[in-house]
Amino acid sequence: MAGTIIHDRPHTAEGRQGGPLIVTEDVDLLDDLLRLCAAAGARPEVHHGIPERRGGWEAAPLVLVGDDAVPRVRGAVRRRGVVLVGRDQDDPGVWRRAVEIGADHVLVLPDGEQWLVDRIADVAEGVGRPALTVGVLGGRGGAGASTLACALAVTSAREGKRTLLVDADPLGGGLDVLLGGEAAEGLRWPAFAASRGRVGGGALEESLPRLHSLRVLSWDRSDAVTVPPQAVRAVLAAARRRGGVVVVDLPRRIDEGVAEILAQLDMGLLVVPADLRSVAAAGRVASAAGMVLRDLRIVVRGPCAPGLGDRDVARLLDLPLVGELPSESFPLEGGPPPGSAAKGPLARFCSAFWDRVPVEGAGV
């Protein structure tokens, strides 16, 4: 059980923070809290009462007060981020004691363990502004969505933003291959299939292959082609908590896992070759994606068919137009990664896109 007394904003900051302050003399409770801190990847500071050193109570990003320690912290300076932790589900006096010490929350173990792990992990990681998350999908097969996704990520990383490229299409051949990094060390999607609850953002980032100054989550060469939706949700949420930019290469078929990703996107880009058959196919993709994704925009891939310009494609699909990709912007297979030529047409298109969609707090 977890209850809220007042509605203060939690302590947040850019960059990694210190661990929580634990105040208790209850050995069994301390063992549980240390276990939860370990699960969240945090190193706590433990005291029996208010720390004697100046600022120890005030500076901690989160304070976990055992119910046994309430008499010893009644005189402490009031602050945000204090959680009163107990074990007795039927003790009505816990709320009164929480008010006495100015606690934001009352938590009763074991029911509130997952909430507490998430809160500890937030302060350990230093939760700031989430990443700008952009999904790219093709209006038809071979439209060039994977190429554009790679180019957007490569361009973002070259401009100094923390960037993660996510391959959400298990049948696409692997974005690590497109980037020339199929042999690079690091985890791929199947390693995260058992993920539940919260995944540490920092641990995720460090575990992935680093290619062209960005991190890449792709598929390996095994037969695995599915990851449970709850694992997809947890992994993408962890990626977004790191800030910067997340670019996702999406398949055209919308299953439960893809729906979890669409729900976390800030924007979707639908790549549509400029011919009537592609526009017809893209209409079905847009209809399916639009059931979950609120902001879907069109990128038209040239050359345009006679009498069909980029604005016509956007009008037929009734979606906002981002711009037109010239046909010569797509590199040859086996060549340098898409977007790696800073003065090439594809990189210029991507740079112009990021200029129009500024990313706050995106530094490495």
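(A) Up close: the overall build of the protein chain. Secondary structure summary: the protein chain contains 13 helices and 14 strands in total. Oriented by its inertia axes, the alpha-carbon framework of the protein chain measures out at about 80 × 40 × 40 Å. By the burial criterion, 51% of the 364 residues in the protein chain qualify as buried. Long-range contacts, defined here as pairs at least 24 residues apart, represent 72% of the contacts in the protein chain between residues at least 6 apart. Just so you have it, the protein chain exposes about 16900 Å², and 51% of that area is on carbon and sulfur atoms. Positive and negative side-chain charges in the protein chain, numbering 42 and 47 respectively, have mean positions lying 5 Å apart.

(B) Structural detail: the packing of aromatic side chains. Scanning the entire structure with this criterion turns up 2 aromatic pairs. Judged by centre distance (6.1 Å) and plane angle (35°), the rings of Trp189 and Trp219 are tilted. In this pair, Trp189 is assigned in the loop between α7 (175-178) and α8 (201-207) and Trp219 in the loop between β10 (214-217) and α9 (229-241), connecting sequence segments 30 residues apart. Neither Trp189 nor Trp219 differs from the other in exposure class; each is buried. Look at Phe353 and Trp354: their rings are 5.1 Å apart centre to centre, the planes differ by 65°, and that puts the pair in the edge-to-face class. When sorted by exposure, Phe353 lands in the same class as Trp354, which is buried.

(C) Region of the structure containing the pattern of salt bridges. The final tally for this structure, using the stated rule, is 20 salt bridges. Asp32 serves as the salt-bridge partner of Arg87, at 2.5 Å between the closest nitrogen and oxygen. Residue Arg87 is found in the loop between β5 (82-86) and α4 (93-100), and its partner Asp32 is found in helix α1 (residues 27-39); the two are separated by 55 residues along the sequence. When its relative accessible area of 39% is taken as the criterion, Arg87 is described as partly exposed. Close ionic contact of Arg72 with Asp68 constitutes a salt bridge, the shortest N to O distance being 3.0 Å.

(D) Quick peek at the packing of α1 against helix α5 (residues 113-125). As a packed pair, α1 and α5 sit with axes 8 Å apart at the nearest point and diverge in direction by 55°. With respect to each other, α1 and α5 are oriented oblique. In this structure, the crossing between α1 and α5 has a hand that is right-handed. Contact residues: α1 offers Leu33, Arg35, Leu36, Cys37 and Ala39, while α5 offers Glu113, Leu116, Val117 and Ile120. Here the residues of the contact of α1 with α5 are counted per class, giving 7 nonpolar, no polar and 2 charged.

(E) Local environment of the sheet that holds strand β14 (residues 321-325). The strand order β9-β10-β8-β11-β7-β12-β13-β14 describes an open sheet built from 8 strands, whose pairing is mixed. With one partner strand each, in any of the chains shown, β9 (210-211) and β14 form the two edges of the open sheet. Note that strand β12 (residues 267-273) and strand β13 (residues 296-301) share 6 bridges and pair parallel. Looking at the pairing, Val271 lines up with Val299 of β13. Sheet strands touched by α9: β7 (132-138), β8 (163-167), β10 and β11 (245-249). Its angle to β11, the strand with the most contacts, is close to 150°. With respect to the sheet, helix α13 (residues 345-356) is in contact with β7, β11, β12, β13 and β14, its orientation differing from that of β14 by roughly 165°.

(F) Spatial organisation of the nonpolar core. Counting 43 residues, the largest nonpolar core has Val248, Leu250, Leu270 and Val313 as its most contacted members. Within the residue set of this core, elements represented by two or more residues are β8, α9, β11, α10 (256-262), β12, α11 (276-289), β13 and α12 (310-317). Within the second largest apolar cluster, 33 residues are counted, among which are Ala151, Leu214, Val299 and Leu325.

(G) The arrangement of the pairing of β10 in detail. Burial along β10 is two-sided: the residues Leu214 and Val216 and Arg215 and Leu217 are all buried. Here 3 bridges tie β8 to β10, and the two strands are oriented parallel to one another. Bridging from a neighbouring strand, Leu164 pairs with Arg215 of β10. As paired strands, β9 and β10 are joined by 2 bridges and run antiparallel to one another. In the strand pairing of β10, Arg210 is matched with Arg215. Taking the residues that link successive antiparallel strands as the turn, the β9-β10 hairpin has 2 residues, and the phi of His212 there is positive, at about 55°.

(H) Main features of the packing of α11 against α12. Contact geometry for α11 and α12: axes closest at 10 Å, N-to-C directions at 40°. For the element pair α11 / α12, the angle class is oblique. Pair α11 / α12 crosses with right-handed handedness. Seen from α11, the contacting residues are Val279, Ala282 and Gly283; seen from α12, they are Val313, Leu316 and Leu317. Tallied by class, residues from the contact of α11 with α12 come to 5 nonpolar, 1 polar and no charged.

(I) Highlighting the environment of Asp32. Take Asp32: its relative accessible area is 16%, and that puts it in the buried class. Asp32 sits 78 residues away from Pro110 along the chain, and the two C-alpha atoms are 8.9 Å apart. Once you skip the residues sitting within four places of it in the chain, Asp32 turns out to touch Arg87 and Leu109.

Analysis parameters
Within each chain, residue numbers correspond to sequence positions counted from 1 in written order. Per-residue local features of the predicted model are confined to residues with pLDDT of at least 70, and side-chain atom pairs are confined, for both listing and counting, to 80 or more; whole-chain, interface and lining totals are unaffected and use all residues. In computing side-chain properties, one takes all heavy atoms of the structure into account and sets aside hydrogens as well as water. Helix and strand definitions follow DSSP, with helices as H or I runs of at least four residues and strands as E runs of at least two, each counted in order from the N terminus. Relative accessibility thresholds used throughout: buried, under 20% of the residue-type maximum; exposed, over 50%; partly exposed, between the two (1.4 Å probe, protein chains only). Contact criterion: two residues are considered in contact whenever any of their non-hydrogen atoms come within 4.5 Å of each other. Using a 1.4 Å probe, the Shrake-Rupley method yields the accessible areas, and only the shown protein chains count as cover for residues. In this tally Asp and Glu are treated as negative and Lys and Arg as positive; neither His nor the chain ends contributes. Every charge is mapped onto a representative atom, which is NZ of Lys, CZ of Arg, CG of Asp or CD of Glu. Any two rings among Phe, Tyr and Trp, with Trp reduced to its six-membered ring, count as a pair given centres within 6.5 Å; such a pair is stacked if its planes are under 30 degrees apart, edge-to-face if over 60, and tilted if neither. Any Lys or Arg side-chain nitrogen located within 4 Å of an Asp or Glu carboxyl oxygen qualifies as a salt bridge. Every axis corresponds to a line fitted to the C-alpha atoms, with the helix fit spanning only the stretch in contact, and the corresponding angles, defined between N-to-C directions, vary from 0 to 180 degrees. Under this scheme an angle from 65 to 115 degrees is roughly perpendicular, one under 35 degrees roughly parallel, and one over 145 degrees roughly antiparallel; angles in between are oblique. Note on convention: the crossing is left-handed when the near helix lies turned anticlockwise from the far helix by less than a right angle, right-handed when the turn is clockwise. Residues are sorted three ways: Asp, Glu, Lys and Arg are charged, Ala, Val, Leu, Ile, Met, Phe, Trp, Tyr, Cys and Pro are nonpolar, and all the rest, Gly among them, are polar. Paired strands are those between which DSSP finds at least two bridges. Only buried residues count toward a nonpolar core, which is a set of Ala, Val, Leu, Ile, Met, Phe, Trp, Tyr and Cys residues joined through side-chain atoms within 4.5 Å.

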